[in-house]
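Coordinate analysis (summary)
Below are the chains, spelled out letter by letter.
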Amino acid sequence: MPTEKAKHHRFNFVVNILDGAMFGMALGFASFSTVIPLFISTLSDSAIFIGMVSAVHVLGWQLPQLFIAPWLANKERMKPLVMIFTLQERLPFLGLAVVAFLLPSIGDTWGIVLAFVMLTWQAIGGGLTANPWQLMIHKIIFPEVLTTFFGIQAAALNLFAAVGAVFSGLILDRIAYPHNFALTFLIAGFWLAVSYAFINATKEPKGEANGAEAQFSSLWNAIITITRTDANFNAVLGVRILGTIGMMGTAFYSVYAVNQLGASKTEAGILTSVLMISSVLTNLLLGWLADHWGHKKVLEIGGAAMFLSALLAALAPSFAWFYPVMFFTGISNTAMWTIMMAFVLTFGEEHQKPLYVGMANTLITPFTLAAPIFGGWLANLFGYPVVFWVSAIVSILCLGVLHFFVRERRNHRTEQA
């Protein structure tokens, strides 16, 4: 007789893919890389505030994951926590719609203050959700197709985000300010509600309480124990850090192509499309390959693509070279995000997984924040090609650590009975 996990596996697979697709549609209407920075730029001329959008998002998403790990270790179900926490990353978009709608009454100063209150709330909500959500997915999806699942979900998210982005652009162009932003945030909230309904449909089997929380009475002792005893995971952390630095050049590709190589705004938009299409296709392909070849081999493909993207950018004599640059960037992003997320879930016993997930994300936060700042400093002093050369060199180091120090971990236990 099939287990509860096997009984609901196909249903859970589908509804969580749909959750990701609808979440992507919402992000298309309220993108953290375009729409939200553009909204903030209408409230202040300071580039600092625009940069803070990314900083707040990164800090809020990465920092909480490690600190809630001990609390998650002994939970029988993750879904109730996911449903509570994910509300906190969704409701703030409705808050942004209200802020935009009230701008004529409250003014730009209060507008920017309240906007960052909402963005901080959203980021922390996402950070609190991330760890239990990954653990829930690990519980409901068979291990031999887990990376395929993450790949399909990420592909759906990127595809629907691209669709949402087209419509959000039309709204921003054709409706008067600030109601254009209010409408895009409101529509994002609608799609997030649809997404919430899909994730709420998940059927999570009940786990066993094992008293593991007591083993994490000292979070820092647990971290030290893992770093002293798990050399393989230390190598993975090294890959995460080097990968973050190796991809720092990606933030400057479009700017360099337009300002230095003479690309038009339209051509820059085509570059974004190439990146999105590459991300959709490579998430589908690399997720499947990781489940059949192993995570390490696919991560090495990602490391090689990271190197090639930076190398081509550094050598590019014309804008046309940036089409393959963006293609390889899509491959490296997929490997270092989707494939790495699934790989980290193969580490540790069940009660240790929250800690491994938290460490893999929270401990790299300083490097995530520092890499683009360091890249900007290099660009100001020496020019963008130097940034790309440094990225290429660090990418080689990342690939070396992957090849020589990271070992594959695979677990193909299908629960059919």
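Every value quoted in this text rests on a predicted model; they were computed, and no experiment measured them. (Residues numbered from 1 in each chain as written. Predicted model: local features only at pLDDT ≥ 70, side-chain atom pairs only at ≥ 80, totals over all residues. Heavy atoms only, no water.)

**As for the overall build of the protein chain**
Counting secondary structure elements, the protein chain contains 17 helices and zero strands. A globule of 417 residues ought to have a C-alpha radius of gyration of about 22 Å, and the protein chain, at 21 Å, matches this closely. In terms of its C-alpha atoms, the protein chain occupies a principal-axis envelope of roughly 60 × 50 × 40 Å. Within the protein chain, the proportion of its 417 residues that are buried is 53%. (Helix = DSSP H or I, 4+ residues; strand = E, 2+ residues; numbered from the N terminus. Rg over C-alpha atoms; globule rule 2.2 N^0.38 Å. Buried < 20%, exposed > 50% of the residue type's maximum accessible area, 1.4 Å probe, protein only.)

**Focus: the pattern of salt bridges**
Side chains carrying opposite charge are able to pair once their charged atoms draw close together. According to the stated counting rule, one finds two salt bridges in the structure shown. The salt bridge partner of D19 is R90, with a shortest N-O separation of 3.6 Å. Residue D19 is found in helix α2 (residues 9-29), and its partner R90 is found in helix α6 (residues 79-140); the two are separated by 71 residues along the sequence. Neither D19 nor R90 differs from the other in exposure class; each is buried. For K139, the salt bridge is made with E204, and the minimal N-O distance between the two is 2.9 Å. Residue K139 is located in helix α6, and its partner E204 is located in the loop between α8 (179-200) and α9 (219-229); the two are separated by 65 residues in the primary sequence. Like K139, the residue E204 is buried in the burial classification. (Salt bridge = Lys/Arg side-chain N within 4 Å of Asp/Glu carboxyl O.)

**Quick word on the side chain of T365**
Relative to the elements of secondary structure, T365 occurs in helix α16 (residues 365-382). Here Q62 takes part through its side chain, which lies 3.0 Å from a polar atom of the side chain of T365. (Polar contact = N/O pair within 3.5 Å; in protein donor to acceptor, adjacent residues only side chain to side chain.)

**Here's the deal with the nonpolar core**
Grouped together as the largest cluster of nonpolar side chains are 64 residues, with contacts concentrated most on I137, F150, F233 and L355. The greatest single-element share of this core, amounting to ten residues, is contributed by α6. Among all residues touching I137, those that are not within four sequence positions of it are N16, L146, F149 and F150. Counting 31 residues, the second largest nonpolar core, distinct from the first, contains L96, F116, A182 and A188. (Core = buried A, V, L, I, M, F, W, Y, C linked by side-chain atoms within 4.5 Å. Contact = heavy atoms within 4.5 Å.)

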